[in-house]
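Listed below, chain by chain, are the residues.
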Amino acid sequence: MKLDILVLAVHPDDAELGCSGTIIKHIAQGKKVGIVDFTRGELGSRGTAETRDQEAADSAKILGLHARENLKFKDGFFKNDEEHQLEVVRMIRKYQPEIVLGNAIRDRHPDHGRAASLAGDSCFLAGLPKVKTMQDGVAQEAWRPRLFLQYIQDTYIKPDVIIDITPYIETKINAIKAFKTQFHSPELNQTPELDGPVTYISSPEFFESVIARAREMGKPIGATYAEGFTSVKLLGVDSLFDLR
């Protein structure tokens, strides 16, 4: 399946936190969108790889994704090297997206910046015919996305692009809440099998900060809620009237 947008995320729930409003908006516009998670988030203090697999599947249904895969890289210890790049190249060539969205270029969690570099390098390598990859025993054709952007995560970074997600904020929240083991929920956190240590992201304050960030991103463009993205290259438009 060819996708219009492919989101690359190092942990299940990164895409939901960073750009799920944008995902939902473009699916509503008729675009095909998928997520490839790099790891199963197995080093997380709460939940397990298996519970996060299920949560990612539940979230995919809420988002209306056309595809979601997990490369099962080693959480915390994956590298931006040839082995990992070729796996990401394979996904890019498999789905042939016009646009790729990747992790924040720098962030509180060291995996995020490293994953952003891995995603960006792989987007370039995917366009080189002499880089050979196979899918289901068939040689893949070179494919380079025309645009690579990084969504903004925990650390504030001044965005280069802001997307109004106001009509989709409730669905974004529901997609995040699909990760029951990870985020604050008074009812669910009293369930024994979901108990775990209180973490930075499981506190009520963290979830409030997600909403606050969406408001913060929306304010400069006159939107109630928005998501921001950065770009390593200058961006162009066909008309001044495309700008808001």
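As annotated in an unreviewed UniProt entry, the protein carries the name GlcNAc-PI de-N-acetylase and is attributed to Pedobacter lusitanus.

(A) Here's a closer look at the nonpolar core. Counting residues in hydrophobic clusters, the biggest one holds 33 residues, and the most contacted among them are Val7, Cys19, Ile23, Leu65 and Leu101. Of all the secondary structure elements, the ones that give two or more residues to this core are strand S1 (5-9), helix H1 (14-28), strand S2 (33-39), helix H2 (49-63), strand S4 (99-102), strand S7 (147-151), helix H5 (169-177) and helix H6 (204-218). With five residues, H1 is the single largest residue contributor to this core. Setting aside anything within four residues of it in sequence, one finds Cys19 in contact with Val7, Leu101, Tyr151, Lys172, Glu227 and Phe229. Membership of the second largest hydrophobic core comes to 22 residues, among which are Val36, Val89, Ala115 and Ala126.

(B) Representation of unusual backbone geometry in the model. Of note in the backbone geometry, Asp13 takes a positive phi value of approximately 100 degrees without being a glycine. Here Asp13 is to be found in the loop between S1 and H1. Residue classification places Asp13 among the buried residues on the basis of a relative accessible area of 3%. Despite not being glycine, Lys72 shows a phi value in the positive range, around 60 degrees. Position of Lys72 relative to the elements: it lies in strand S3 (residues 67-73). Residue classification places Lys72 among the exposed positions, given a relative accessible area of 60%.

(C) Quick peek at a nonpolar patch on the surface. Taken together, the side chains of Val237, Leu240, Phe241 and Leu243 make up a nonpolar region of the molecular surface, amounting to roughly 520 Å² of accessible area. Structurally, the position occupied by Val237 is in the segment after strand S9 (226-230).

(D) Structural context of the environment of Ile35. With respect to the secondary-structure elements, Ile35 resides in strand S2. For the pair Ile35 and Ile23, spaced twelve residues apart in the sequence, the C-alpha separation amounts to 9.5 Å. Once residues lying within four places of it in the same chain are set aside, the contact partners of Ile35 are Leu6, Val7, Ala15, Glu16, Ile23, Leu63, Leu65, Ala67, Arg68 and Glu69.

(E) Fine view of H5. All of the buried residues along H5 are Ile169, Lys172, Ile173, Ala175 and Ile176. Down the axis of H5, the buried set is contained in an arc of 160 degrees. They therefore lie on one face. Here the buried face of H5 lies against H1, H2, H6 and S9.

(F) Highlighting H1. Its 15 residues give H1 an end-to-end C-alpha distance of 21 Å, which sits within 8% of 21 Å, the value for a rise of 1.5 Å per residue. Helix geometry: H1 is bent most strongly at Ser20, by close to 70 degrees. Most of H1 is tucked away: 13 of the 15 residues are buried. Where H1 terminates, the next one or two residues include Gly30, which has phi positive at roughly 95 degrees.

(G) Molecular detail of the pattern of salt bridges. Tallied over the full model, the rule gives 13 salt bridges. A salt bridge links Glu69 to Lys94; the nearest nitrogen and oxygen atoms lie 2.6 Å apart. Of the two residues, Glu69 sits in strand S3 while Lys94 sits in helix H3 (residues 82-95), which places them 25 residues apart along the sequence. The class for Glu69 is partly exposed, based on a relative accessible area of 23%. For the salt bridge of Glu87 with Arg90, the shortest nitrogen-to-oxygen distance reads 2.7 Å. With Glu87 and Arg90 both in helix H3, this residue pair falls three residues apart, about one helical turn. By relative accessible area, which is 29% here, Glu87 ends up partly exposed.

Criteria and cut-off values
Residues numbered from 1 in each chain as written. Predicted model: local features only at pLDDT ≥ 70, side-chain atom pairs only at ≥ 80, totals over all residues. Heavy atoms only, no water. Core = buried A, V, L, I, M, F, W, Y, C linked by side-chain atoms within 4.5 Å. Buried < 20%, exposed > 50% of the residue type's maximum accessible area, 1.4 Å probe, protein only. Helix = DSSP H or I, 4+ residues; strand = E, 2+ residues; numbered from the N terminus. Contact = heavy atoms within 4.5 Å. Patch = residues over 30% accessible without salt bridge, like charges linked within 9 Å, V, L, I, M, F, W, Y side chains within 5 Å. Areas by Shrake-Rupley, 256 points an atom, 1.4 Å probe, with all protein chains shown as cover. Salt bridge = Lys/Arg side-chain N within 4 Å of Asp/Glu carboxyl O. Arc of directions from axis to C-beta. Expected span 1.5 Å × (residues − 1). Bend = angle between axes of the 7 residues up to and from the residue.

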